Amino acid sequence: QVRLVESGGGLVQPGGSLRLSCAASGSIFSIYRMGWYRQAPGKQRELVAGITSGGTTNYADYVKGRFTISRDNADNTVYLQMNSLKPEDTAVYYCNYRNLITTTNYWGQGTQVTVSS
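Residues numbered from 1 in each chain as written. Predicted model: local features only at pLDDT ≥ 70, side-chain atom pairs only at ≥ 80, totals over all residues. Heavy atoms only, no water.

### Examining the side chain of Asn96
Relative to the assigned elements, Asn96 resides in strand S9 (residues 91–99). Only 3.3 Å separates the side chain of Asn96 from the backbone oxygen of Tyr106, close enough to count as a polar contact. Once residues within four sequence positions are removed from consideration, Asn96 is found in contact with Leu4, Arg33, Met34, Gly35, Tyr37, Asn105, Tyr106 and Trp107. (Helix = DSSP H or I, 4+ residues; strand = E, 2+ residues; numbered from the N terminus. Polar contact = N/O pair within 3.5 Å; in protein donor to acceptor, adjacent residues only side chain to side chain. Contact = heavy atoms within 4.5 Å.)

As structure tokens, this is what we get:
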């Protein structure tokens, strides 16, 4: 089992910044991918950004140049730095851990991000 605890969401004005954190604990396998997904009301959950245990990153087109995913291997924490936030970034953001060998997925509880003036 892997437990994911997210933090850092909140209310921010358009153009502002937020930093999300996701701390993973439990049976962390050495080959994994962690990422952030988001789900807005009435919409499907969608990938925002991901990073593998090898350090490879990928981003959704709509966040490229604005969001940066990073990780701290020492404490199994993944961060999402979100800059130049737009109202359309408003959603619940979920942390995901995926074991790349077994393909097992784990999810955090979600953290609300609201971009509004």
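### Structural notes on the environment of Glu6
With respect to the helices and strands, Glu6 occurs in strand S1 (residues 2–7). For Glu6, a relative accessible area of 6% gives the class buried. Between the C-alpha atoms of Glu6 and Ser27, which are 21 residues apart in sequence, the distance is 17 Å. Aside from chain neighbours lying at most four places away, what touches Glu6 is Ser21, Cys22, Trp36, Tyr93, Tyr94, Cys95, Gly108, Gln109, Gly110 and Thr111. Polar side-chain contacts of Glu6 include one of 3.1 Å to the backbone nitrogen of Gln109. At 2.5 Å, the side chain of Glu6 and the backbone nitrogen of Gly110 are in polar contact. (Buried < 20%, exposed > 50% of the residue type's maximum accessible area, 1.4 Å probe, protein only.)

### Looking at the sheet that holds strand S8 (residues 77–82)
The strand order across the open sheet built from four strands is S1-S3-S8-S7, with neighbouring strands paired in antiparallel fashion. The open sheet has two edge strands with one neighbour each: S1 and strand S7 (67–72). Across the sheet, the mean angle separating the axes of adjacent strands is 15 degrees when strand polarity is ignored. Note: strand S3 (residues 18–26) against S8, six bridges, orientation antiparallel. Directly across from Cys22, in S8, lies its bridge partner Val78. (Pairing = 2+ DSSP bridges. Axes fitted to C-alpha atoms, helices over the stretch in contact; angles between N-to-C directions.)

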